[in-house]
Amino acid sequence: MKLDTDNLTPLYQQLKEEIKLSITSGNLKPGQKIPTETELSDKYDISRITVRRAIEELCQEDFLIKKQGKGTFVKYQKIQRKIAHLMSFSEACEANGMVPSSKVTHKGIIYADHELAKEMGMETGDQAIFIQRVRLADGVPVMCENNYFPYDSYSFLLDEPLNDSLYELLKREYQIEVSYSQDSYIDVIRSTGDLSQLLQVTNGEPLFFLFTKMYDTKHRLVHVGKQYIISSRYRFYLDESSNR
């Protein structure tokens, strides 16, 4: 396969567009390794310098990422979400042109320890509903979501499949509208053990840890949330001008 040497568009730019088209069309998928500089040079009958410039610019534009000693890979698109804005995971995916889905990995009754009881405003040993889901965007794991609900108000969730938007379900079927958050904060941690397996990442992968308490329009606690988010696939921003 050769590029058009008679075209006024530089060869490196033509190669960039070829690779970008392969990514946007799905022929090259997120996380997939692309051919080496030598392989691309041979395939398109162009110099390695031309290939290198195209690759460098695609890395700068967040289409590709280089991993030392491993090669160059298609970069996962980051889901963007404004910190000060109440937005569910499903809404964030849809706003970024991605398809959200969920996999329930745990659902049941637990007894609150001292820390959780304090966070939820209940007594140690009181019952709570614990729901853990892995949230995916276009089929790729992005976060592990651990939510704790007051048992008396939310025991009905034990009978729900919870494969789609939880907030939409609460609003549509139970007339509960999530309105605002309190005591929220973000830390940065590293993935280990079971969390790494759930998110399909290696131990040591940087994660955002998002803690929040969500309330409904009547100022009642909906849940305490503890979310572990793969930082390479998610971006929080402060204002509209930061959203690229």
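Right above here is the structure, for reference.
This structure is a prediction, so every number in the text was calculated from the model and none was measured.

Glancing now at the packing of helix α1 (residues 11–24) against helix α3 (residues 48–60). Here α1 crosses α3 at 50°, and the two axes come no closer than 8 Å. The angle between the axes of α1 and α3 places the two elements in the oblique class. Helix-helix and strand crossings are classified by hand; for α1 and α3 the assignment is right-handed. In this structure, α1 uses Leu 11, Tyr 12, Leu 15, Lys 16, Ile 19 and Lys 20 to contact α3, whose residues at the interface are Thr 50, Val 51, Arg 53, Ala 54, Ile 55, Glu 57 and Leu 58. Its residues placed into classes, the contact of α1 with α3 shows 8 nonpolar, 1 polar and 4 charged.

Time to look at the sheet that holds strand β7 (residues 178–190). Read from one edge of the open sheet, 6 strands run β4-β5-β6-β9-β8-β7, paired in antiparallel fashion. Each edge of the sheet is formed by a strand with only one pairing partner; in this case those strands are β4 (100–111) and β7. Strand after strand, the sheet turns through a mean of 15° between neighbouring axes, direction not considered.

Looking now at the packing of aromatic side chains. Summed over the entire model, instances satisfying the criterion amount to 8 aromatic pairs. Aromatic pair Phe 209 and Tyr 228: ring centres 5.1 Å apart, planes at 45°, arrangement tilted. In this pair, Phe 209 sits in strand β8 (residues 206–216) while Tyr 228 sits in strand β9 (residues 221–230), placing the two residues 19 residues apart along the sequence. Each member of the pair, Phe 209 as well as Tyr 228, carries the same accessibility label: buried. Pairwise contacts between aromatic rings join Phe 149, Tyr 154, Phe 156 and Tyr 174 into one cluster. Note that Arg 53 overlies the ring of Tyr 12, its terminal NZ or CZ placed 3.8 Å from the centroid. Directly above the ring of Phe 73 sits Lys 67, whose terminal nitrogen or CZ lies 4.8 Å from the centroid.

Looking now at the nonpolar core. Counting residues in each nonpolar core, the largest one holds 20 residues, and the members touching the most others are Met 120, Tyr 148, Leu 195, Leu 199, Leu 207, Val 224 and Tyr 228. Those elements that place two or more of their residues in this core are α5 (114–120), β5 (127–137), β6 (140–150), α8 (193–199), β8 and β9. Residue contacts for Leu 195: discarding those within four places in its chain leaves Cys 144, Leu 207 and Tyr 228. Grouped together as the second largest cluster of nonpolar side chains are 17 residues, Ile 19, Ile 23, Tyr 44 and Leu 64 included.

Time to look at the packing of helix α2 (residues 37–44) against α3. Viewed as axis vectors pointing N to C, α2 and α3 meet at an angle of 115°, and their least axial separation amounts to 9 Å. In the packing of α2 onto α3, the handedness of the crossing is right-handed. Along its contact with α2, which presents Glu 37, Thr 38, Leu 40 and Ser 41, the element α3 presents Arg 48, Val 51, Arg 52 and Ile 55. Looking at the contact of α2 with α3 residue by residue, the class counts come to 3 nonpolar, 2 polar and 3 charged.

Further remarks concern α3. Across its 13 residues, α3 extends 18 Å between first and last C-alpha, which sits within 8% of the 18 Å expected from 1.5 Å per residue. Buried within α3 are the following residues: Thr 50, Val 51, Ala 54, Ile 55, Glu 57, Leu 58 and Cys 59. Asp 62 sits one or two residues past α3 and shows a positive phi near 70°.

Now for the environment of Thr 5. Within the secondary structure layout, Thr 5 lies in the segment before α1. Note: C-alpha distance between Thr 5 and Ile 46 (41 residues apart in sequence) is 9.8 Å.

It is worth spelling out the environment of Ile 189 at this point. Following the sequence through the fold, Ile 189 ends up in strand β7. Distance in space between the C-alpha atoms of Ile 189 and Glu 177 is 31 Å, their sequence separation being 12 residues. If we ignore the near neighbours within four places in the chain, the residues touching Ile 189 are Glu 205, Pro 206, Leu 207, Phe 209 and Tyr 228.

Here Val 140 shows up in strand β6. Residue class for Val 140 comes out buried when judged on its relative accessible area of 18%. Residues Val 140 and Ser 165, spaced 25 residues apart in sequence, show a C-alpha to C-alpha distance of 17 Å. Those residues in contact with Val 140, other than ones at most four positions away along the chain, are Tyr 76, Arg 135 and Arg 233.

Analysis parameters
Residues numbered from 1 in each chain as written. Predicted model: local features only at pLDDT ≥ 70, side-chain atom pairs only at ≥ 80, totals over all residues. Heavy atoms only, no water. Axes fitted to C-alpha atoms, helices over the stretch in contact; angles between N-to-C directions. Helix = DSSP H or I, 4+ residues; strand = E, 2+ residues; numbered from the N terminus. Parallel < 35°, antiparallel > 145°, perpendicular 65-115°, else oblique. Left-handed = near helix turned anticlockwise from the far one by under 90°. Contact = heavy atoms within 4.5 Å. Nonpolar A, V, L, I, M, F, W, Y, C, P; charged D, E, K, R; others polar. Pairing = 2+ DSSP bridges. Phe/Tyr/Trp six-rings, centres within 6.5 Å; stacked < 30°, edge-to-face > 60°. Buried < 20%, exposed > 50% of the residue type's maximum accessible area, 1.4 Å probe, protein only. Lys NZ or Arg CZ within 6 Å of the ring centre and 35° of its normal. Core = buried A, V, L, I, M, F, W, Y, C linked by side-chain atoms within 4.5 Å. Expected span 1.5 Å × (residues − 1).

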